[in-house]
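Okay, here's what each chain looks like letter by letter:
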Protein chains: 10
Amino acid sequence: MEFLVEISINLPPETDPALREDLYAREGARAAELTASGALSRIWRVPGRRANWSLYRVADATELHGLLASLPLYAWMDITVHPLATHPADPYRD
Amino acid sequence: MEFLVEISINLPPETDPALREDLYAREGARAAELTASGALSRIWRVPGRRANWSLYRVADATELHGLLASLPLYAWMDITVHPLATHPADPYRD
Amino acid sequence: MEFLVEISINLPPETDPALREDLYAREGARAAELTASGALSRIWRVPGRRANWSLYRVADATELHGLLASLPLYAWMDITVHPLATHPADPYRD
Amino acid sequence: MEFLVEISINLPPETDPALREDLYAREGARAAELTASGALSRIWRVPGRRANWSLYRVADATELHGLLASLPLYAWMDITVHPLATHPADPYRD
Amino acid sequence: MEFLVEISINLPPETDPALREDLYAREGARAAELTASGALSRIWRVPGRRANWSLYRVADATELHGLLASLPLYAWMDITVHPLATHPADPYRD
Amino acid sequence: MEFLVEISINLPPETDPALREDLYAREGARAAELTASGALSRIWRVPGRRANWSLYRVADATELHGLLASLPLYAWMDITVHPLATHPADPYRD
Amino acid sequence: MEFLVEISINLPPETDPALREDLYAREGARAAELTASGALSRIWRVPGRRANWSLYRVADATELHGLLASLPLYAWMDITVHPLATHPADPYRD
Amino acid sequence: MEFLVEISINLPPETDPALREDLYAREGARAAELTASGALSRIWRVPGRRANWSLYRVADATELHGLLASLPLYAWMDITVHPLATHPADPYRD
Amino acid sequence: MEFLVEISINLPPETDPALREDLYAREGARAAELTASGALSRIWRVPGRRANWSLYRVADATELHGLLASLPLYAWMDITVHPLATHPADPYRD
Amino acid sequence: MEFLVEISINLPPETDPALREDLYAREGARAAELTASGALSRIWRVPGRRANWSLYRVADATELHGLLASLPLYAWMDITVHPLATHPADPYRD
């Protein structure tokens with residue numbers, strides 16, 4: 001099942017630069033793992049915001065929650081999950 | 001440039017069934033054209049709503065507006081367009 | 001997977017009483033089928049509103065959409081779907 | 001009377017890990033008591049959020065308030081209570 | 001248990017005056033019954049709106065729903081129910 | 001004139017317990033004075049929140065503001081004031 | 001006591017022009033009466049909208065409701081009333 | 001003074017096509033007059049909506065209201081006006 | 001041109017009392033200057049809030065911004081500016 | 001492609017004045033560069049707020065994001081990007 005995930009990152013501007021760099025490096029590495037596994041199929045930046053839209057393909061909301069909670073920046077994220085149903089016009093429909 | 005498009009269809013329940021069927025048939029045909037041309041790359045249903053999330057790849061907002069306004073159901077649609085910037089972790093980044 | 005579904009029914013007050021009665025009778029019958037099949041496990045009224053909260057257990061959002069769209073009052077419903085993940089403290093967790 | 005309860009937990013990310021662990025351990029224990037007593041009949045996670053939906057069966061809003069205020073994380077919770085009326089189609093209606 | 005009820009009446013301005021008068025007369029009579037029975041203990045107008053705040057004392061949300069649905073103008077009402085818990089400082093606390 | 005007053009208390013969870021206890025004790029004492037004077041005629045808790053609904057009977061909004069600003073927790077309160085007009089069906093109408 | 005009143009007029013565009021003209025003529029006449037009596041002390045247009053901000057000086061919300069309900073366009077108005085308390089810096093404070 | 005104006009056009013889909021065409025033709029002609037006079041300096045479409053952002057340079061809100069109310073589609077417009085102050089970094093600052 | 005200005009003051013409750021007193025004293029003095037100059041013609045308190053409604057008469061939004069930014073509490077204010085157009089029924093219309 | 005950009009600056013009032021001055025000086029210098037390059041074509045202040053409306057002309061949302069993220073105050077900005085399509089009545093249409 002696919003989910004559209006809206007993520008906003010609220011790391012305070014005054015965060016220690018070394019911590020921030022470490023968090024973002026680990027976030028990038030974790031995203032690469034999720035991409036490699038096929039769970040995270042697309043990701044885009046929201047222009048002008050520390051935010052993104054992501055497209056996940058997972059078994060269900062429980063697996064999705066586990067993956068999102070595994071993100072190093074999870075504690076600073078505000079996440080909204082939109083469940084998706086297949087559409088007859090979708091060219092990638094299973 | 002890619003755009004995430006949120007579409008809600010507000011055709012009144014009391015619409016003449018023949019008109020409704022004709023509109024939806026033409027909508028499906030137009031969606032197939034947009035898919036074939038590569039402008040409409042993904043589309044999902046919002047469960048429980050007469051609504052969808054679509055992913056468009058077009059030159060800019062002017063081309064996007066032209067494509068959306070060409071949809072047979074356009075007059076009954078409430079559309080919100082989210083511009084997308086590329087994200088370094090996206091596996092399909094150009 | 002379970003979904004919490006918020007449904008508001010917007011049948012206009014001036015609807016023909018016979019049509020209304022027929023729609024509600026068929027809605028009740030369809031709800032009974034969904035209950036019998038185990039898809040609809042709980043349903044509550046929102047006090048003071050023509051609205052309800054429902055709890056569905058289905059394979060995914062696509063199956064859920066199909067069930068909701070099969071409801072006789074679907075065309076007059078405003079539906080919001082909340083995906084649910086399992087919680088370790090839930091007494092009915094699978 | 002049943003209540004649907006929407007709980008969002010706003011413990012700051014910079015909370016001392018030992019305090020956090022202690023709070024969550026005590027929260028889990030208290031939830032188990034509420035489950036055992038029958039007051040808390042179902043609980044689900046909101047995917048991607050430190051939030052849950054809970055289903056309570058209590059005498060009235062005063063008893064409910066007392067139970068919610070007894071939760072160890074109560075001071076960091078943002079809670080919305082939805083009162084529920086019975087629905088004729090509910091399979092578990094008393 | 002007490003409930004604070006916010007009611008907004010959306011009878012269209014073009015409603016037939018005789019129907020409107022009849023509906024309001026029956027609404028007033030029903031409100032008098034609810035007042036006499038003790039279920040409706042206070043009611044105030046929202047200045048400038050066809051709306052009111054009401055205070056109900058009933059067994060639970062199911063009884064409340066039944067009373068609200070019995071109001072002659074119910075089909076044109078938009079109702080929000082706020083459950084109330086007792087407060088230690090309330091002079092009328094039971 | 002009566003006013004319905006919605007009060008939410010935002011004292012941070014990390015407030016010194018002695019200060020908190022002192023503030024709440026003085027708040028309770030001040031509420032008792034307002035009750036005794038007849039200005040505060042009813043007060044209810046919002047279940048699950050550090051919030052209440054209050055009913056005030058005062059000369060006008062200026063007197064009301066003075067009373068609310070005299071509350072020991074006023075600096076941490078988020079207050080919304082709803083002016084009330086008399087309703088012909090109110091059993092306590094003057 | 002003074003009230004700031006926000007009024008939005010929702011007369012449908014397809015209203016019969018003669019009815020519209022009559023309603024607006026009577027609205028202007030009633031506004032002139034309220035101005036002459038001192039109840040309506042200021043009124044401004046919201047630019048670009050069929051809406052206005054008005055300043056009323058009346059005994060209380062009950063008198064205000066009576067005056068607003070006496071406006072010929074009342075049935076098509078969406079009104080929000082903001083109660084005002086005196087401010088020590090106001091040059092027109094009584 | 002400049003104003004940023006957000007306009008949404010709500011002409012119903014079922015409007016007579018001849019009336020619609022006439023309204024839009026007259027709207028275009030009036031926009032051309034406002035452009036020629038220098039009052040309307042920029043206008044953009046909101047992609048996917050029957051809506052636009054406009055930039056006006058007028059004496060004040062009263063002149064602006066007069067110009068907006070002169071638009072043939074005014075009765076079907078939902079308009080929000082944003083007043084603008086000059087910014088020291090603006091290359092076109094007077 | 002007149003503007004209706006909605007101001008909410010968010011000085012944290014834990015602000016040093018001497019700083020608070022100094023800020024409010026200077027705020028009062030500046031308000032008196034704006035009143036004396038005729039720029040600030042009316043000001044009211046929002047009951048129960050650290051907020052006010054003000055009425056300004058200035059040349060344009062640029063002058064208004066300068067005056068508001070000159071207020072000693074400006075850095076803690078959340079301000080919404082409503083531009084006003086003259087209304088034919090206003091008794092103080094120029 | 002043009003974008004309308006709404007920027008709100010949330011630098012805390014208690015920020016060290018030297019840091020604030022440095023940030024604003026660098027912000028002004030960067031804005032001048034963006035203006036000189038033609039990317040930032042107009043900018044206005046929102047009266048009464050630490051906020052602005054900006055008009056950008058860039059290749060796409062990815063370039064826009066890069067420019068916005070290069071602003072020295074970016075970490076404290078809350079930014080909303082509105083994509084713009086050309087309008088046939090725009091006098092500056094390409």
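Everything below is about the structure printed above this text.
What you see is a predicted model, and the numbers here were worked out from it, not measured in a lab. (Residues numbered from 1 in each chain as written. Chains lettered and ligands numbered in written order. Predicted model: local features only at pLDDT ≥ 70, side-chain atom pairs only at ≥ 80, totals over all residues. Heavy atoms only, no water.)

Turning our attention to the overall build of chain A. When you go through chain A residue by residue, the secondary structure sums to two helices and five strands. Each helix and strand of chain A, ordered N terminal to C terminal, gives the series β-α-β-β-α-β-β. A separation of at least 24 residues holds for 66% of the contacts in chain A among residues at least 6 apart in sequence. In the form shown here, chain A has an accessible surface area of approximately 4000 Å², with 54% of it arising from carbon and sulfur atoms. If the 9 positive side-chain charges of chain A are averaged to one point and the 13 negative ones to another, these points end up 5 Å apart. (Helix = DSSP H or I, 4+ residues; strand = E, 2+ residues; numbered from the N terminus. Contact = heavy atoms within 4.5 Å. Areas by Shrake-Rupley, 256 points an atom, 1.4 Å probe, with all protein chains shown as cover. Lys, Arg positive; Asp, Glu negative; His and termini not counted. Charge placed at Lys NZ, Arg CZ, Asp CG, Glu CD.)

This part takes up the interface of chain F and chain D. Facing seven residues of chain F, the contacting portion of chain D comprises 11 residues. Taking both partners together, chain F and chain D bury about 820 Å²; carbon and sulfur atoms supply 49% of that area. Seen at the junction of chain F and chain D, the total is one salt bridge. Our count for the chain F to chain D interface comes out at five residue pairs in polar contact (both at pLDDT 80 or more). Residue classes in the side of chain F that touches chain D are distributed as three nonpolar, one polar and three charged. (Buried area = accessible area lost by both parts, 1.4 Å probe. Salt bridge = Lys/Arg side-chain N within 4 Å of Asp/Glu carboxyl O. Polar contact = N/O pair within 3.5 Å; in protein donor to acceptor, adjacent residues only side chain to side chain. Nonpolar A, V, L, I, M, F, W, Y, C, P; charged D, E, K, R; others polar.)

Right, let's talk about the relation of the copies chain F and chain D for a bit. For the pair chain F and chain D, the superposition axis carries a translation of 0.0 Å, the fit reaches an RMSD of 0.0 Å, and the rotation angle comes to 72°. The operation mapping one copy onto its partner corresponds to a five-fold rotation axis. Scanning chain F for the C-alpha nearest the rotation axis identifies Pro12 of chain F, at a separation of 9.8 Å. (Least-squares fit on C-alpha atoms with pLDDT ≥ 70 in both.)

The next point concerns the pairing of strand 1 (residues 2–9) of chain F. Residue and element names in this part refer to chain F. Most of strand 1 is tucked away, with six of its eight residues classed as buried. As judged from the seven bridges shared by strand 1 and strand 3 (residues 51–57), these two strands associate in the antiparallel manner. Looking at the pairing, Val5 lines up with Ser54 of strand 3. Here strand 1 pairs with strand 4 (residues 77–83) via seven bridges, running antiparallel. What sits directly across from Glu6, in strand 4, is Thr80. (Buried < 20%, exposed > 50% of the residue type's maximum accessible area, 1.4 Å probe, protein only. Pairing = 2+ DSSP bridges.)

Chain C shows no contact with chain H. Their nearest C-alpha atoms sit 19 Å apart. If you take every C-alpha in chain F and every C-alpha in chain J, the smallest gap between them is 19 Å, and the two do not touch.

Note that Trp76 of chain I resides in the loop between helix 2 (61–69) and strand 4 (77–83). For the pair Trp76 of chain I and Ser8 of chain I, spaced 68 residues apart in sequence, the C-alpha separation works out to 8.4 Å. When sequence neighbours within four positions are dropped, the list of residues in contact with Trp76 of chain I reads Ser8, Ile9, Asn10, Leu11, Pro12 and Leu23 of chain I together with Pro13 of chain J.

The subject of this paragraph is the interface of chain B and chain A. Opposite the 26 residues of chain B that make contact, chain A presents 26 residues. Summed over the three residues of chain B that lose the most area to chain A, namely Arg42, Trp44 and Arg45 of chain B, the buried surface amounts to 24% of that side. Summed over the shared surface of chain B and chain A, the result is four salt bridges. A salt bridge links Glu2 of chain A to Arg42 of chain B, with the shortest nitrogen-to-oxygen separation between them at 2.8 Å. Applying the counting rule to chain B against chain A returns 10 residue pairs in polar contact (both at pLDDT 80 or more).

On to the packing of aromatic side chains. The full count for this structure, using the stated rule, is five aromatic pairs over all chains. Above the face of the Tyr74 of chain J ring, Arg50 of chain A is positioned so that its terminal group lies 4.6 Å from the ring centre. (Phe/Tyr/Trp six-rings, centres within 6.5 Å; stacked < 30°, edge-to-face > 60°. Lys NZ or Arg CZ within 6 Å of the ring centre and 35° of its normal.)

A separate point is helix 1 (residues 17–36) of chain H. Residues and elements named next belong to chain H. A rise of 1.5 Å per residue sets the reference length of helix 1, with its 20 residues, at 28 Å; its end C-alpha atoms lie 28 Å apart and thus fit the reference within 8%. Among the residues of helix 1, Leu23, Glu27, Ala31, Leu34 and Thr35 are the ones counted as buried. Projected down its long axis, helix 1 carries its buried residues within an arc of 105°, all on one side. Those residues of helix 1 that are exposed and aimed more than 90 degrees away from the buried face are Ala18, Glu21 and Ala36. (Expected span 1.5 Å × (residues − 1). Arc of directions from axis to C-beta.)

Here the focus is the sheet that holds strand 3 (residues 51–57) of chain J. In spatial order, the strands read 5(H)-2(J)-3(J)-1(J)-4(J); together these five strands make up an open sheet with antiparallel pairing. Single-partner strands in this sheet number two, and they are strand 5 (85–86) of chain H together with strand 4 (77–83) of chain J. In the packing of helix 1 (residues 17–36) of chain J onto the sheet, contacts are made with strand 1 (2–9), strand 2 (40–45), strand 3 and strand 4 of chain J, and the angle to strand 2 of chain J comes to roughly 140°. (Axes fitted to C-alpha atoms, helices over the stretch in contact; angles between N-to-C directions.)

All right, on to the sheet that holds strand 5 (residues 85–86) of chain I then. Across the sheet, five strands lie side by side as 4(G)-1(G)-3(G)-2(G)-5(I); this open sheet has antiparallel pairing. The sheet is open, and its two edges are formed by strand 4 (77–83) of chain G together with strand 5 of chain I, each paired on a single side.

With that out of the way, let us pick up the side chain of Thr15 of chain C. All names here are of chain C. One can find Thr15 in the loop between strand 1 (2–9) and helix 1 (17–36). Given a relative accessible area of 13%, Thr15 falls into the buried group. A distance of 2.5 Å separates the side chain of Thr15 from the backbone oxygen of Pro12, its partner in a polar contact.

Here we come to the pattern of salt bridges. Inspection of every chain in the model, using the stated rule, returns 60 salt bridges over all chains. For Asp22 of chain A, the salt bridge goes to Arg26 of chain A, with nearest N and O atoms at 3.2 Å. Placement of the pair is Asp22 of chain A and Arg26 of chain A together in helix 1 (residues 17–36), with a separation of four residues, close to one helical turn. A relative accessible area of 36% means that Asp22 of chain A is categorised as partly exposed. With a closest N to O distance of 3.5 Å, Glu2 of chain I and Arg57 of chain I form a salt bridge. Here Glu2 of chain I, found in strand 1 (residues 2–9), pairs with Arg57 of chain I, found in strand 3 (residues 51–57); they are 55 residues apart in sequence, far enough to count as distant.

Taken as rigid bodies, chain B and chain A are interconverted by a rotation of 180° and an axial shift of 0.0 Å, the fit giving an RMSD of 0.0 Å. Expressed as a symmetry operation, the mapping of one chain copy onto the other fits a two-fold axis. When the interface residues of chain B are mapped onto chain A, 100% of them again fall at the interface, so both copies present the same face.

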